[in-house]
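# Residue-level structure breakdown
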Amino acid sequence: DSGVTQTPKHLITATGQRVTLRCSPRSGDLSVYWYQQSLDQGLQFLIQYYNGEERAKGNILERFSAQQFPDLHSELNLSSLELGDSALYFCASSVGVAGGYEQYFGPGTRLTVT
Amino acid sequence: SQELEQSPQSLIVQEGKNLTINCTSSKTLYGLYWYKQKYGEGLIFLMMLQKGGEEKSHEKITAKLDEKKQQSSLHITASQPSHAGIYLCGARSGGSNYKLTFGKGTLLTVNP
């Protein structure tokens, strides 16, 4: 158990819908990262927050957004869902904001868009 | 953008055999992370290497970083069925860049 929690574990929804994925980082970690894993693209970085502020963006679609709350948990919002958004979404956390810190991953949320 | 190539893509070994997985970067490595993943599950952190020549071990798994070759290797000694899974390497492309770019993974099967 990495100490990073994600809910829900599974999510099945229809195209065009909107969903919210939730992540709680390890105790003491201030950075939260979101990654998307699919068979064709592999594991890709989406976005990072540090202590409530956005710090880095990767291959995140405009239909996706995220935020980190004062209690440090984070939410990833996916809207206007398409079939291609079906994937495993992981949250990771680390102590610091810069490189050199270990990133611990949560168990993931499997999103299926039908 | 940085790309990581892992080799081999898949590996089948007999229990008790040693094996090595390689991860080669297209750019300078500022930090190399190794993770293990069971299919459809979360990533388990194995090791992080930051300096050229650095070598770390955890139980029967050893990882090395060759900065000059922009490469890292993961070596498992006396493999066991519990070592089976997908091994992923991830790397930072800059000193202050904290996002990780990942390789496609190496699928390891250990036959008893």
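Residues numbered from 1 in each chain as written. Chains lettered and ligands numbered in written order. Predicted model: local features only at pLDDT ≥ 70, side-chain atom pairs only at ≥ 80, totals over all residues. Heavy atoms only, no water.

### Focus: the overall build of chain B
Regarding its fold elements, chain B presents zero helices and eleven strands. Reading the helices (α) and strands (β) of chain B from amino to carboxyl end gives β-β-β-β-β-β-β-β-β-β-β. Taking 13 Å as the expected radius of gyration for a compact globule of 112 residues, we find that chain B reaches 13 Å, a close match to that expectation. Projected onto its principal axes, the C-alpha coordinates of chain B cover approximately 45 × 30 × 20 Å. A sequence separation of at least 24 residues applies to 55% of the contacts in chain B between residues at least 6 apart. Accessible surface, chain B as shown: approximately 5600 Å² in total, 47% of it carbon and sulfur. Each charge sign in chain B was given a centre, from 13 positive and 9 negative side chains, and these centres are 2 Å apart. (Helix = DSSP H or I, 4+ residues; strand = E, 2+ residues; numbered from the N terminus. Rg over C-alpha atoms; globule rule 2.2 N^0.38 Å. Contact = heavy atoms within 4.5 Å. Areas by Shrake-Rupley, 256 points an atom, 1.4 Å probe, with all protein chains shown as cover. Lys, Arg positive; Asp, Glu negative; His and termini not counted. Charge placed at Lys NZ, Arg CZ, Asp CG, Glu CD.)

### Section: the interface of chain A and chain B
Listed as interface residues are 25 residues of chain A and, on the opposing side, 19 residues of chain B. The contact between chain A and chain B buries some 1700 Å² in all, and 58% of this surface belongs to carbon and sulfur atoms. At the junction of chain A and chain B, the tally comes to zero salt bridges. Of all the secondary structure elements, the ones that give two or more residues to the side of chain A that touches chain B are β4 (31–38), β5 (42–50), β6 (53–57), β9 (87–94) and β10 (104–105) of chain A. Taken together, the residues that form the side of chain A that touches chain B break down as 13 nonpolar, eight polar and four charged. (Buried area = accessible area lost by both parts, 1.4 Å probe. Salt bridge = Lys/Arg side-chain N within 4 Å of Asp/Glu carboxyl O. Nonpolar A, V, L, I, M, F, W, Y, C, P; charged D, E, K, R; others polar.)

### Section: the sheet that holds strand β1 (residues 5–7) of chain A
Residue and element names in this part refer to chain A. In spatial order, the strands read β1-β3-β8-β7; together these four strands make up an open sheet with antiparallel pairing. Looking at which strands have only one partner, the edges of the open sheet turn out to be β1 and β7 (64–68). Strand-to-strand twist of the sheet, defined as the mean angle between neighbouring strand axes without regard to direction, takes the value 15 degrees. In this sheet, strand β8 (residues 74–78) lies alongside strand β3 (residues 19–24) in antiparallel orientation, the contact comprising five bridges. Residue pairing across strands places Leu21 opposite Leu76, the latter belonging to β8. (Pairing = 2+ DSSP bridges. Axes fitted to C-alpha atoms, helices over the stretch in contact; angles between N-to-C directions.)

### Considerations on the pairing of strand β11 (residues 106–111) of chain B
Residues and elements named next belong to chain B. Only one face of β11 is covered, namely the face carrying Thr106, Leu108 and Val110; the face carrying Leu107, Thr109 and Asn111 is uncovered. Of the strand pairs in this sheet, strand β2 (residues 10–14) and β11 are connected by five bridges, and their pairing is parallel. Considered in β11, the bridge of Ile12 is made with Thr109. The pairing of strand β9 (residues 85–92) with β11 spans three bridges and is antiparallel. Across the sheet, residue Gly85 finds its bridge partner in β11, namely Leu108. (Buried < 20%, exposed > 50% of the residue type's maximum accessible area, 1.4 Å probe, protein only.)

### Describing the nonpolar core
In terms of nonpolar packing, the biggest core is built from 41 residues, with Trp34, Tyr35, Leu76, Leu78, Tyr89 and Phe105 of chain A together with Phe102 of chain B touching the most fellow members. Counting residues per element, this core draws most heavily on β9 of chain A, at six residues. Aside from chain neighbours lying at most four places away, what touches Leu78 of chain A is Gln17, Arg18, Val19, Leu21, Arg63, Phe64, Tyr89 and Leu111 of chain A. Listed in part, the 22 residues of the second largest apolar core include Cys23, Tyr87, Cys89 and Val110 of chain B. (Core = buried A, V, L, I, M, F, W, Y, C linked by side-chain atoms within 4.5 Å.)

### Points about unusual backbone geometry
All names here are of chain A. Along the chain, Thr7 connects to Pro8 via a cis peptide bond; the corresponding omega equals -10 degrees. Looking at the secondary structure, you find Pro8 in the loop between β1 and β2 (10–13). With phi around 50 degrees, Asn51 is a residue other than glycine that occupies positive phi space. When you line up the elements, Asn51 lands in the loop between β5 and β6.

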